[in-house]
Amino acid sequence: MSSDKAAARKASHYDAIIIGSGQGGTPLAKALAKAGWRTALIERQYVGGSCLNYGCTPTKTMVASARVAYQAGRANEFGVLARAEGIDMEQVRQRKRDIVLKSRNGSEKALLETENLDLIYGTAKFKDAKSIFVQRNNGGTAEFTADKIFIDTGTRAAMPDIPGFDSVRHLTNVLDNVSIMELDCVPSHLIVLGGGNIGLEFAQMFRRFGSRVTIVQSDGQLLTHEDADVAKEIAKILEEDGIEILLNGKVTRVTGTGTEITLEFGGEAKKKIAGTHLLVAVGRTPNTNELDLPAAGIETDDKGFVRVNTRLETNVAGVYGIGDVKGGPAFTHISYDDYRVLRANLLENKQTTIEGRMVPYTIFTDPQLGRIGMTEKEARKTGKEIRVAKMPMIFVARAREVGEMRGSMKVVVDAKSKQILGAALLSMEGGEVMAMLQLAMMGKLAYPVLQEAIFAHPTLAESLNVIFEHFSE
Ligand SMILES: Cc1cc2nc3c(=O)[nH]c(=O)nc-3n(C[C@H](O)[C@H](O)[C@H](O)COP(=O)(O)OP(=O)(O)OC[C@H]3O[C@@H](n4cnc5c(N)ncnc54)[C@H](O)[C@@H]3O)c2cc1C
């Protein structure tokens, strides 16, 4: 090999390549580079991945706009003579775009300023277990090799397998989580296909913007992983807000034009509903189809999610999976924790695994659903003797004062050890209240400690003094 060729080869070799600048990949790239590893981060679109660009950040900015609209509509309840004149969707969108752009630019700047780190814009795929081919966004191509390769390519909205869907999926009124946040007007009638967390957040948001909203859920309850009583209570709240909910809605055909989408349902009483827009929120598909994983011999499950062990290693030595692409749990903080696990094992010589880690999450409906640990259903399956405390929010002074009495707090405890096994906080700031219970679980505090703790009055924390007076058995 000529010395020129050898030098060129060396230049395209990295200690680590990270594919996808998601919530785990970005901090990992920085940490490895700071530790002296020659690192490449390859991103096909925007730094920050789904969370920053199409997920958490934009949805929560728009949920905030929707909440202002809702509160404006309630102004009279608080003795304020004001009313919402309407929604300027272009301004809602601009606010969202500005916040996203600022975060994205900040994140990109930090990457560009990191020594030993190359940020490469392009679509990556495997050539073999140590080589990556990149179709650069600027038109060129490149090939790189690396000792270690990390896959953090995330997911995209899954499309339903329903007759007729292929003929409507490219219509401008058939939306996913990306396109719905780029609308410049409020849909007249939005049908939300899917009653999971993403579907519910958008359903309530657009109802508050003024759309008629119908949620079509194929199961018998919304949020199928939650306890039935919690899911029912959320459904009641959404219905109070004027959202129509169709449970057990098995769609048998979709038809439509750019102005109307019709869903047909099978069964004896065949019926249809028609809306102006359809949001598809039926789950997520892993971004592995473009990676050519077979070229490297990397195994996936039958849905295409990368298989990893508890140390996030794939079946191929030196190749790892991070975040949603490994099958979740699909949350930003879990992808970030994957980064912590890899950092510990690769840079700190530890033997950390993802086994048994806590998976808190919050669904940003209003009221929020903050969740930690086991549901009641899961706790009962363990065979442990459990007790369940449940208290309506109307019992909480803080909630009454600010007019947020909808929802309830539910905590499952171990009857013997008195430790908290799980909680579902369907309440104002439910995510924050959940975190207090999470801390108690982390510190292995028995519930009577919370019951007798002094919390400032009037805060939501104070509810932890009273909830344990509400055991059902
Ligand atoms: C609407 C919505 C709302 C959400 N709200 C929340 C929330 O409130 N809280 C929460 O915790 N989670 C939320 N999530 C989930 C959260 O966004 C994800 O769990 C998180 O972004 C996962 O990060 P990740 O590391 O797996 O990768 P991602 O953030 O998905 O990033 C993957 C990156 O890889 C890039 N990529 C893909 N293929 C290639 C390739 N071949 N070559 C180069 N680059 C590639 C993509 O462009 C993308 O930038 C939400 C998701 C959605 C869709």
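Preceding this paragraph is the structure being described.
For clarity, every value in this text was computed on a predicted model and none was experimentally measured.

J.: Residue-level account of the overall build of the chain, with values.
T.: Secondary structure summary: the chain contains 15 helices and 21 strands in total. Here the chain has a C-alpha radius of gyration of 24 Å; the compact-globule value for 473 residues is 23 Å, and the two agree. Considered along the principal axes of its C-alpha atoms, the chain spans approximately 80 × 60 × 50 Å. When each of the 473 residues of the chain is scored for burial, the buried share is 50%. Counted over contacts in the chain with a minimum sequence separation of 6, partners at least 24 positions apart contribute 63%. Summing over all exposed atoms, the chain offers an accessible surface of approximately 22000 Å²; the carbon and sulfur share of this is 51%. When the 58 basic and 58 acidic side-chain charges of the chain are each reduced to a single mean position, those positions are 2 Å apart.

J.: Pulling in residues and values, what's your account of the nonpolar core?
T.: One broad trend across soluble globular proteins is that nonpolar side chains are buried collectively. I180, F206 and I215 are the most contacted members of the largest nonpolar core, which totals 37 residues. Listed by contribution, the elements that provide at least two residues to this core are helix 4 (56-73), helix 5 (89-112), strand 8 (189-193), helix 7 (197-209), strand 9 (212-216), helix 8 (228-240), strand 17 (361-363) and strand 21 (420-427). Among the elements that take part in this core, helix 7 stands out by supplying six residues, more than any other. Those residues in contact with F206 that sit more than four places away from it in its chain are M62, M89, I180, L183, P187, L190, S211 and V213. A389, M434, L450 and L464 belong to the second-largest nonpolar core, a separate cluster that totals 25 residues.

J.: Account for unusual backbone geometry, naming residues and giving values.
T.: A cis amide bond links G328 with the next residue in sequence, P329, at an omega value of 0°. Of note, the bond from H457 into P458 is cis; its omega dihedral lies within 30 degrees of zero at -5°. By the secondary structure assignment, P458 is in the loop between helix 14 (447-451) and helix 15 (463-466). Despite not being glycine, K418 shows a phi value in the positive range, around 65°.

J.: Now, about the pairing of strand 2 (residues 39-43): what can you tell me, with residues and values included?
T.: Within strand 2, five of the five residues are buried, which leaves it mostly tucked inside the rest of the structure. In strand 2, alternate side chains face the same way, and those of T39, L41 and E43 on one face and A40 and I42 on the other are all buried. The pairing of strand 1 (residues 13-19) with strand 2 spans four bridges and is parallel. Looking at the pairing, I17 lines up with A40 of strand 2.

Rules used throughout
Residues numbered from 1 in each chain as written. Predicted model: local features only at pLDDT ≥ 70, side-chain atom pairs only at ≥ 80, totals over all residues. Heavy atoms only, no water. Helix = DSSP H or I, 4+ residues; strand = E, 2+ residues; numbered from the N terminus. Rg over C-alpha atoms; globule rule 2.2 N^0.38 Å. Buried < 20%, exposed > 50% of the residue type's maximum accessible area, 1.4 Å probe, protein only. Contact = heavy atoms within 4.5 Å. Areas by Shrake-Rupley, 256 points an atom, 1.4 Å probe, with all protein chains shown as cover. Lys, Arg positive; Asp, Glu negative; His and termini not counted. Charge placed at Lys NZ, Arg CZ, Asp CG, Glu CD. Core = buried A, V, L, I, M, F, W, Y, C linked by side-chain atoms within 4.5 Å. Pairing = 2+ DSSP bridges.

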